[in-house]
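Observations on chain architecture
Below, each chain spelled out in residue letters.
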Amino acid sequence: MLAMAVWATMLQSSQDWLINPTGFKATIRKSGSRISIENGLIRREFVLSPQVATVSLKNLENDEELLRAVKPEAVLTINGKEFTAGGLVGQPNRAFLNPDWLSKMPADPRSLPYIGVSEGVSEKRFSYLPTGGRFKPGQWPPKGRSVTFSFGTDKGLKVEVHYEIYDGIPLLSKWLTITNRGAESLTLDKLIFEFVGAVEGQSLVGPRQSWKKPNLIAFSDYAFGGDSHDNAQPAVKWVTDPDYKTQVNYDLTTPCDLVSTLPYGPAANIKPGQSFTSPRTFLATHDGTNREREMLTVRKAYRTLAPWSQENPLMLHLTSTNPQVVYKAMDQAAECGFELIIFSFGSGLNMEDASEKNIAKFKEFTAYAHKKGLLVGGYSLLASRRISDEHDVINPKTGKTGGSIFGNSPCLGSKWGIEYFEHVKKFLTETGFDLLEHDGSYPGDPCASTLHPGHKGLEDSQWTQFKQITEFYAWCRGRGIYLNVPDWYFLKGSNKSGMGYRETNWSLPREEQVIHSRMNMFDGTWEKTPSMGWMMVPLVEYQGGGAAAT
């Protein structure tokens, strides 16, 4: 009770950033051989000698130290050999970091030489144009400061470790740029682009199936394969630290190391003069264990990092491309206050048909919608379909098609996949569509084919497919094309995903649909803001139910 009272007093006597974020400005501070990035809410501190290393990660709201052990800033395997960027070794006890130990801890012998540090301001990850010019854009890029540590040699490998910290929120990001300054191509076999030896969230002697994590939330823009913040994070893992010998867990299996790494590869070829940019990891601190405040932090993070996710047009799904039906529906939609028409699943729209005749038809629909003050777009199915043995994902376990996340799926690196994006880009450009509803999206299927032109084999297949689709989404975002995507691509440009529902429930009687919808929206808005998730009102029969359901 005393601890709760102290915490409540702290909140009452100090400015709550969730209510008033002003004054929490991102700052870079230098003192001797130390440098820190901080904003009054979170601080990450580094030493520069004898090598760069994170030596503190602190929640400044409650003065909680979240770092337990020094780790490298990055770990890279290149041409089969492992390197690090930064790091110190020889910490006597990994349960805590005594500042007096630092002067006696030597540099990690695997580290590339430290070159120097530079400062800057936060920069946009890609271009952002509000949909159809209709919406007021959020702050982009987020206001903040950056610091970059450089490692490497003049004529060989250069690794830049970038950090950004933002105004008004306990949030920072990290990513790597790897440049080949040599004369020969390099293969980046594997990489760890974030590595934090964190104070364990729970300390138990015996085994446990699930553990409480540290008072820290981590996520990445390498995200897919799920419809929530938690289940779409294949790159972020909490793992054990076998060198932490003083932990109470008998088997040394406490998950207390935060690692960001790719599940496969990337097995990326970096030619002389070229660079590879890693995904980003985002870290945010919590000032307690209250679920409401934790999730307010998560939602604020997405408002900050993906302001397009706050665009929220009212959409009408149209299941016909018959001109008589279309024009009548557009007239009614404009009269009723809808803002956007979607040629939906089953309407007959095929964006893969980039013929002059097909484009001309939908270009006319677009012109009519715009004259009515409506935005317009359409549906395209990607992943959950079968194309052929030649173009589908090859299951690494069987060497055959099938067994993917959605059963069958085309490989985005196949000839079909490459041409698909070319056709859809042409269609969107020439019709003037304002929206793409991209069903299936890319859920993360690896592909063992060695014949597809977009990847070499299994190890680079996930990374190259992810790059293919996210570069396309960035292209859409820069042109003001709204993205309705049932997957977690918000940090790569998507506007909206499903709120979370079971489609067959739309065939229930209307009064039961209302109850389910309210339940689903309550559950769905823990991690999402309301504008990040879609819901439906079936104006026509949807998966059965008859008149009682519509």
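In what follows, the accompanying structure is described. (Residues numbered from 1 in each chain as written. Predicted model: local features only at pLDDT ≥ 70, side-chain atom pairs only at ≥ 80, totals over all residues. Heavy atoms only, no water.)

A few words now on helix α2 (residues 291-305). Helix length check: α2 (15 residues) gives 21 Å between terminal C-alpha atoms against 21 Å at 1.5 Å per residue, within 8%. All buried positions along α2 are accounted for by Arg293, Glu294, Met295, Thr297, Val298, Arg299, Ala301, Tyr302, Thr304 and Leu305. Among the residues of α2, the N-terminal cap falls to Asn290, whose side-chain oxygen and the backbone nitrogen of Glu292 are separated by 2.9 Å. (Helix = DSSP H or I, 4+ residues; strand = E, 2+ residues; numbered from the N terminus. Expected span 1.5 Å × (residues − 1). Buried < 20%, exposed > 50% of the residue type's maximum accessible area, 1.4 Å probe, protein only. Polar contact = N/O pair within 3.5 Å; in protein donor to acceptor, adjacent residues only side chain to side chain.)

The element strand β13 (residues 186-198) is largely enclosed, with a buried count of 10 among its 13 residues. Pairing of strand β6 (residues 67-69) with β13, which is carried by 2 bridges, proceeds in the antiparallel orientation. In the strand pairing of β13, Leu67 is matched with Ala198. Pairing of strand β7 (residues 74-78) with β13, which is carried by 4 bridges, proceeds in the antiparallel orientation. Paired with Leu76 across the bridge in β13 is Leu191. (Pairing = 2+ DSSP bridges.)

Let us now look at the side chain of Glu200. Mapped onto the fold, Glu200 is located in the loop between β13 and β14 (216-220). With no salt bridge to any partner, buried Glu200 finds its closest opposite charge in Arg68, at an N-O distance of 4.3 Å. For Glu200, the side chain forms a polar contact with the side chain of Tyr244, separated by 2.7 Å. Excluding residues that lie within four positions of it along the chain, Glu200 makes contacts with Arg68, Pro214, Tyr244, Thr254 and Cys256. (Lys, Arg positive; Asp, Glu negative; His and termini not counted. Salt bridge = Lys/Arg side-chain N within 4 Å of Asp/Glu carboxyl O. Contact = heavy atoms within 4.5 Å.)

With that out of the way, let us pick up the pattern of salt bridges. Under the definition given, this model contains 30 salt bridges. For Glu38, the salt bridge identified is with Arg29, shortest N-O distance 3.3 Å. Across the pair Arg94 and Asp241 runs a salt bridge, and its minimum N-O distance is 3.7 Å. A residue pair is termed long-range when its members are at least 10 positions apart, and Arg94 in the loop between β8 (81-85) and β9 (114-121) and Asp241 in the loop between β15 (236-240) and β16 (255-270) qualify at 147 residues. Here Asp241 falls in the buried class, since its relative accessible area comes to 2%. A single network of salt bridges, built from pairs that share partners, joins Arg68, Lys71, Arg94, Asp241 and Asp257.

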